[in-house]
Amino acid sequence: MLPDLFKSKDNFIKVYDDYLLNLSKKEISFNDLGILILLSAQATFNKNLYKKTFTRINSIYKKLSKEIINIPDNLKNDDYFVTLKILEIGWENIEKVAFKKLNALWDAQYNQLRTFKPRRNAVEKISSIYKKFDKNAFNFNKPFLRQERFKKCKCNGMDVSLFYNKFPFVPYHTLLVPEQEKNHPQFLRRRFHYYACDLIKSAEGFAIGYNSIGAYASVNHLHFQLFIEKEKMPVCNPVWKHNGGKKEYPAKCFVFESKWASWKFISELHTQNIPYNILYTKEKIYIFPVNFQKMHKNTIFPLGFAWIEFSGSFINVAKRDFDKLTERQILREFRMNKFTKKMTLK
């Protein structure tokens, strides 16, 4: 059974926004730098939230600029170093996320604050799609993340935790963590795949992204990237052959309409140790088998090539690259990340 917040997009937006506004009113100390960064990145992505919180956030940064020199060494974590970067630039100079379309086919955004995101597993050299859960590594059970969880509930028969994506790149970007305390690694099991498929079909207006280990998953604690689908992702465009059109998509993309057929394919990927990205939509499931993650020297998308990029939406970290982005560059990036392994499908 769906909880109220999934019964409509408006319900979800209200819960999501109200929690952020309440966070913005609390007193921010050195122990709460993660909350400050969360508020900052969410505000730059959401213009309405930006208007409501800019002055409050600005006052917090001004206060911190005088005090941060005294922060104890045990608090100099990822959030501390991100805060230093924002203070160096000045909160008032941090640019809001900019969006554009290219040739009516591709989506692009310039997302300055996302460039500050810690990379964790996303920069590791990985050779297996399975990695045992490590309670000492970054995971969603860490006490400092509790305030970033805006809802915990039973949804469609499963206990789920909903966390903000601290550095969002899609509308109302949420990390959905099934059975959080059971410490499932980022390895898709059949029941969780079925769960994602069923949730997207029953909750109107949402979509889900998923990165396997080795395909730019940055946290080895099972999670899906839920978001509100304000418009269809480019990979869903009917011009592509996989959707019945005539145009060849520039990446290897397998499309399914049933959870059973898609799971059979995912099982084959597991057997052959092939990393993958998934986009779950109400109508179809798009699966992208990929090479093990590798950072390319000449890329203009240095944050990696994950489910969002394979779905046709790109994040620029440099304003000049965003302003000059062309379809030719996008197709070049697809070629750089072309899946090269031979698959044996049964």
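Owing to the predicted nature of the structure, the values given are computational and were not obtained by experimental measurement.

Caption draft 1: Local environment of the sheet that holds strand β6 (residues 206–211). Ordered in space as β3-β4-β5-β7-β6-β9-β10-β8, the 8 strands form an open sheet in which the pairing is antiparallel. Where the open sheet ends on each side, the last strands, each with one partner, are β3 (149–155) and β8 (254–256). Between one strand and the next, the sheet's axes are offset by a mean angle of 25°, whatever the strand orientation. The pairing of strand β4 (residues 158–164) with strand β5 (residues 174–178) spans 5 bridges and is antiparallel. Of the residues in β5, the one forming a bridge with Val160 is Pro178. Along the sheet, helix α5 (residues 190–202) contacts β3, β4, β5, β6, β7 (224–228), β9 (276–280) and β10 (285–289); its crossing angle with β6, the most-contacted strand, is approximately 155°.

Caption draft 2: Representation of helix α9 (residues 327–336) within the structure. For α9, every residue scored as buried is listed here: Ile330, Glu333 and Phe334. Looking straight down α9, one finds that the buried residues subtend no more than 100° of arc, so they occupy a single side. Of the exposed residues in α9, those oriented more than 90 degrees away from the buried face are Arg328 and Arg335. Buried residues in α9 make contact with β1 (98–102), β2 (106–110), α7 (307–310) and β11 (313–316).

Caption draft 3: Structural view of the packing of helix α2 (residues 33–45) against helix α3 (residues 47–67). Axis separation between α2 and α3 bottoms out at 8 Å; the angle between their running directions is 145°. α2 and α3 meet at a crossing whose hand is left-handed. Touching Leu33, Leu36, Leu39, Ser40, Gln42, Ala43, Thr44 and Phe45 of α2 are Lys47, Leu49, Tyr50, Thr53, Ile57, Ile60, Tyr61 and Leu64, all from α3. Residue composition of the contact of α2 with α3, by class: 11 nonpolar, 4 polar and 1 charged.

Caption draft 4: Spotlight on the pattern of salt bridges. By the definition in use, this model includes 20 salt bridges. Asp32 is paired through a salt bridge with Lys26; the nearest N and O atoms lie 3.5 Å apart. With relative accessibility at 10%, the residue Asp32 sits in the buried group. Taken together, the shared-partner salt bridges in this structure form one network comprising Asp79, Glu148 and Lys166.

Caption draft 5: Seen up close, the side chain of Ser24. Relative to the helices and strands, Ser24 is located in helix α1 (residues 9–25). According to the relative accessible area criterion, Ser24 is buried, its value standing at 6%. The contacts of Ser24, once residues within four sequence positions are left out, are Leu39, Thr53 and Arg56.

Caption draft 6: Seen up close, the side chain of Gln112. Its place among the elements puts Gln112 in the loop between β2 and β3. Engagement of the side chain of Gln112 in a polar contact is seen with the backbone nitrogen of Glu95, the distance being 2.7 Å. Not counting the four nearest positions on each side in its chain, Gln112 is found in contact with Ile89, Asn93, Ile94 and Glu95.

Caption draft 7: How the structure looks around the nonpolar core. Formed by 70 residues in total, the largest nonpolar core has its most connected members in Phe6, Phe12, Leu188, Phe224, Ile278, Tyr280 and Ile287. Ranked by residues supplied to this core, first place goes to α2 with 8 residues. Dropping the residues within four chain positions of it, Leu188 is found in contact with His193, Tyr210, Phe224, Trp263, Ile266, His270, Tyr276, Ile278 and Tyr280. The next biggest cluster of nonpolar side chains, apart from the first, holds 34 residues, and it includes Trp106, Tyr110, Ala207 and Phe334.

Definitions and limits used
- Residues numbered from 1 in each chain as written.
- Predicted model: local features only at pLDDT ≥ 70, side-chain atom pairs only at ≥ 80, totals over all residues.
- Heavy atoms only, no water.
- Pairing = 2+ DSSP bridges.
- Helix = DSSP H or I, 4+ residues; strand = E, 2+ residues; numbered from the N terminus.
- Axes fitted to C-alpha atoms, helices over the stretch in contact; angles between N-to-C directions.
- Contact = heavy atoms within 4.5 Å.
- Buried < 20%, exposed > 50% of the residue type's maximum accessible area, 1.4 Å probe, protein only.
- Arc of directions from axis to C-beta.
- Left-handed = near helix turned anticlockwise from the far one by under 90°.
- Nonpolar A, V, L, I, M, F, W, Y, C, P; charged D, E, K, R; others polar.
- Salt bridge = Lys/Arg side-chain N within 4 Å of Asp/Glu carboxyl O.
- Polar contact = N/O pair within 3.5 Å; in protein donor to acceptor, adjacent residues only side chain to side chain.
- Core = buried A, V, L, I, M, F, W, Y, C linked by side-chain atoms within 4.5 Å.

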